[in-house]
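In case you want the letters, here they are:
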Amino acid sequence: MAEDTTAYGGAIGATANVEGPSGFDFRGLDVTNTVEASDTGKPAGKSGKGTKGGKGKAAKSAKAAAKAGKSGKPSKGAAGENPAKDAGPLLFRPITLRGLTIRNRIWLPPMDTYSAFAQDGRPTPFHYQHYVSRAMGGFGLIIAEATAVAPEGRISPNDVGLWADWQIDSWKWIVEGIKATGAAAAIQLNHAGRKGSTGSFTVGYERETVPGEAGGWPVVAPSAIPFGGYATPRALSVDEIHGLVGAFAAAAGRAVAAGFQAIEIHAAHGYLISQFLDPLGNERDDEYGGGFEGRTRFLLEVADAIRGVIPDDMPLLVRVSATDWAAGGWDLDQTVALAQLLKAHGVDLVDVSTGGIIAGVTVPVKPDYQVPFSAQVRKRAEVPVTAVGLITKPKQAEKVLAKGKADAVEIGRAALRDPYWPLRAADKLGVPVTEAPYQPQYVRGAY
Ligand SMILES: Cc1cc2nc3c(=O)[nH]c(=O)nc-3n(C[C@H](O)[C@H](O)[C@H](O)COP(=O)(O)O)c2cc1C
């Protein structure tokens, strides 16, 4: 068991969503390391280029799969969704969301790297190397880290952003690099709310609020309730909330301009949207608070606004915390009801995490600990989902799909220590080299 004490430590384990080998607490998302643990297909999206070697079997399969699955409804098991490649491990079968066919079901979840060193929200060569090396390692979808829709929406001063047009070009080369490997590129859009202006390895002040002189700012939230020991936020006005809906949409438009093929809304881990959802963090008595309808309004408006500016064939994902692990707070039943609403608002997949919302809760961190939540959301809301959280081994990941508990898995910290996780998994699961997502240049070094 792990205690969820902080800010980005929610779903990762005890300090329940951590980052890194040292058990770094990702602001309440404890990601403590307690466990040790082909494709040449062309993405079918408008801008997907695929690799030069992408003309083989897998590319044909991807094409057929694109034809096969536009319903947005999950099949009983992950198998069977792409009949053209209905053989071999499920992890390596393509999946289609709207007009985008993703070459496999091993995805890189968003992970903040706090590496916008100039504090201007622009990604750096570090980001290029980080994302493109994992795309070369065979991941199907790369979801770029929490990206701020406003300067005050950053988790730390070193977060990346898309709040201005001049930031678009800095993303373009990264997106191009990802796509050139045959992987697909998504980006997570975020506003940190009361968990903003916090420290990182880059700026210091770890687990503290960063003061103004070091690049910090006053934080905002649905209500003036602080998270743990961080600064007390100011409650947003209704006009400001409307402005933030517009900021999410504008950032999504910039993401499209940068070439991203899918957008993920960050509605998890106690950041602004999840603060609105949670009855323990939202004490508003206007239309954005109170009952379920009021608390979900902000997210649904954000989803509608983003849907309104991105192409019809572009998938929209939402990451949720399925529970805040606190009595009287946000829970699975509300998550299922929300997932049903999201589907009706044009959302194509729910990325199911937990925690990070309330400080000091205890999270039962162990392998697969969040999988039951994704399974329930998938089954009860009939929406495609991903599972994440201490999924570290190939057979373990394959089982999640084989049991119909998710449509794709996300490999987080294990991918920080091994960018080639999918290639190793292909070897372990007996996928022939010709079907595994090797770059042509690397085939001679194949397992
Ligand atoms: C360094 C680090 C940064 C993270 N940043 C984010 C983030 O930006 N957005 C997010 O939704 N989750 C973030 N997370 C949570 C991960 O996406 C993932 O859900 C979590 O690590 C559990 O998966 P794992 O056990 O495979 O690592 C982060 C986790 C780590 C370790």
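For clarity, every value in this text was computed on a predicted model and none was experimentally measured.

A word on the environment of Val365
Tracing the sequence through the fold places Val365 in the loop between strand E18 (361–363) and helix H8 (371–381). By the C-beta count within 10 Å, which is 27 here, Val365 ends up buried. Residues Val365 and Gly389, 24 residues apart in the sequence, show an inter-C-alpha distance of 8.7 Å.

A few points about the confidence of the model for the protein
Across the protein, the average pLDDT comes to 86, with 81% of residues at or above 70. Note on residues 1–25: pLDDT under 50 across the span, and 151 contacts to partners over four residues away in sequence or across chains. Ignoring residues within four places in sequence, the model shows residues 31–84, a span with pLDDT below 50, making 153 contacts including any to other chains.

Digging into the pairing of strand E16 (residues 316–321)
Each regular strand shows side chains that alternate between the opposite faces of the sheet. For E16, the buried fraction is high: six of the six residues fall into the buried class. Burial along E16 is two-sided: Leu316, Val318 and Val320 and Leu317, Arg319 and Ser321, pointing in opposite directions, are all buried. Relative to E16, strand E15 (residues 262–267) runs parallel, the two being bridged by five bridges. By the bridge assignment for E16, Ala267 is matched with Val320. The pairing of E16 with strand E17 (residues 349–353) spans five bridges and is classified as parallel.

Topic: unusual backbone geometry
Negative phi values dominate among residues other than glycine, just as trans dominates among peptide bonds. Residue Tyr114 is not a glycine yet carries a positive backbone phi of 50°. Looking at the element boundaries, Tyr114 is found in the loop between strand E7 (106–108) and helix H2 (125–136). One non-glycine residue with positive phi stands out, namely Glu382, at about 50°. Relative to the assigned elements, Glu382 resides in the loop between H8 and strand E19 (385–388). Judged by the 14 C-beta atoms lying within 10 Å of it, Glu382 falls in the partly exposed class.

The rules behind these values
- Residues numbered from 1 in each chain as written.
- Predicted model: local features only at pLDDT ≥ 70, side-chain atom pairs only at ≥ 80, totals over all residues.
- Helix = DSSP H or I, 4+ residues; strand = E, 2+ residues; numbered from the N terminus.
- Buried ≥ 20, exposed ≤ 12 C-beta atoms within 10 Å, placed from the backbone.
- pLDDT = per-residue confidence, 0-100.
- Contact = placed C-beta atoms within 7 Å.
- Pairing = 2+ DSSP bridges.

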